[in-house]
Amino acid sequence: MYNMTFEELSGDYSQERMDTVAKALEEVLTSALPQGCITVGVYEAAKSLNVDPDNVVLCILATDEDDVKDVALQIHFTLIQAFCCENDINILRVNNTHRLAEILGGGGGKQSGGEPMDLHCVLVTSPHSTSWKDPALSKLNRFCRESRCMDQWVPIINLPER
């Protein structure tokens, strides 16, 4: 049984705890990328969720300050969140798309053809060949589960600049 601290019960995570979660997210992304277990983009994520939702282990919704005003994007997020909740897929919200681009190897946020990457939705999938036992992913799963217990269905993670 896991004993929660007062801060965790009240929904206030310590900065140290949030830094640990952000580091775990970075580890998951950097280990999943070379395995081809990352899907980037709202449209591509929706296609992947439709084809094989059981293979998705984490959904990351990313925004910057300007994106909050984008009604169409918020509608997409709402639909993706509902689908993920229905299919027991953990969801995290990240508030730094520039840092997310750096982690995913596209420092400028550009695809190989020069087009900007759509980093608003990133899916992490499990490799088909093995059952993926990543300690960082376990930390994220535990964090998401604890957040849901506190009625925070989509916890927000701050990815600090490096």
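Refer to the structure printed above.
Before going into details, it helps to say that this report is about the structure given with it. For clarity, every value in this text was computed on a predicted model and none was experimentally measured.

A closer look at the sheet that holds strand E4 (residues 121–125)
Now for step 1: Judged by pairing direction, the sheet is mixed, and its five strands sit side by side in the order E1-E4-E2-E3-E5 without closing on themselves. The sheet is open, and its two borders are formed by strand E1 (38–40) and strand E5 (156–157), each paired with just one other strand.

Observations concerning unusual backbone geometry
Now for step 1: Even without being a glycine, Asp88 presents a positive backbone phi close to 55°.
Now for step 2: Tracing the sequence through the fold places Asp88 in the loop between helix H4 (71–86) and strand E3 (91–94).
Now for step 3: Residue classification places Asp88 among the exposed residues on the basis of a relative accessible area of 72%.
Now for step 4: Notably, Asp151 is not glycine yet its phi reads approximately 60°, a positive angle.

Overview of helix H6 (residues 135–149)
Now for step 1: Given a rise of 1.5 Å per residue, 15 residues ought to cover 21 Å, and the 21 Å separating the end C-alpha atoms of H6 matches this to within 8%.
Now for step 2: By the N-cap criterion, in which a side-chain oxygen at the helix start approaches the backbone nitrogen of a residue two or three places on, H6 is capped by Asp134, the distance to Ala136 being 3.0 Å.
Now for step 3: Asp151 lies just past H6 and shows a positive phi near 60°.

The rules behind the values
Residues numbered from 1 in each chain as written. Predicted model: local features only at pLDDT ≥ 70, side-chain atom pairs only at ≥ 80, totals over all residues. Heavy atoms only, no water. Pairing = 2+ DSSP bridges. Helix = DSSP H or I, 4+ residues; strand = E, 2+ residues; numbered from the N terminus. Buried < 20%, exposed > 50% of the residue type's maximum accessible area, 1.4 Å probe, protein only. Expected span 1.5 Å × (residues − 1). Polar contact = N/O pair within 3.5 Å; in protein donor to acceptor, adjacent residues only side chain to side chain.

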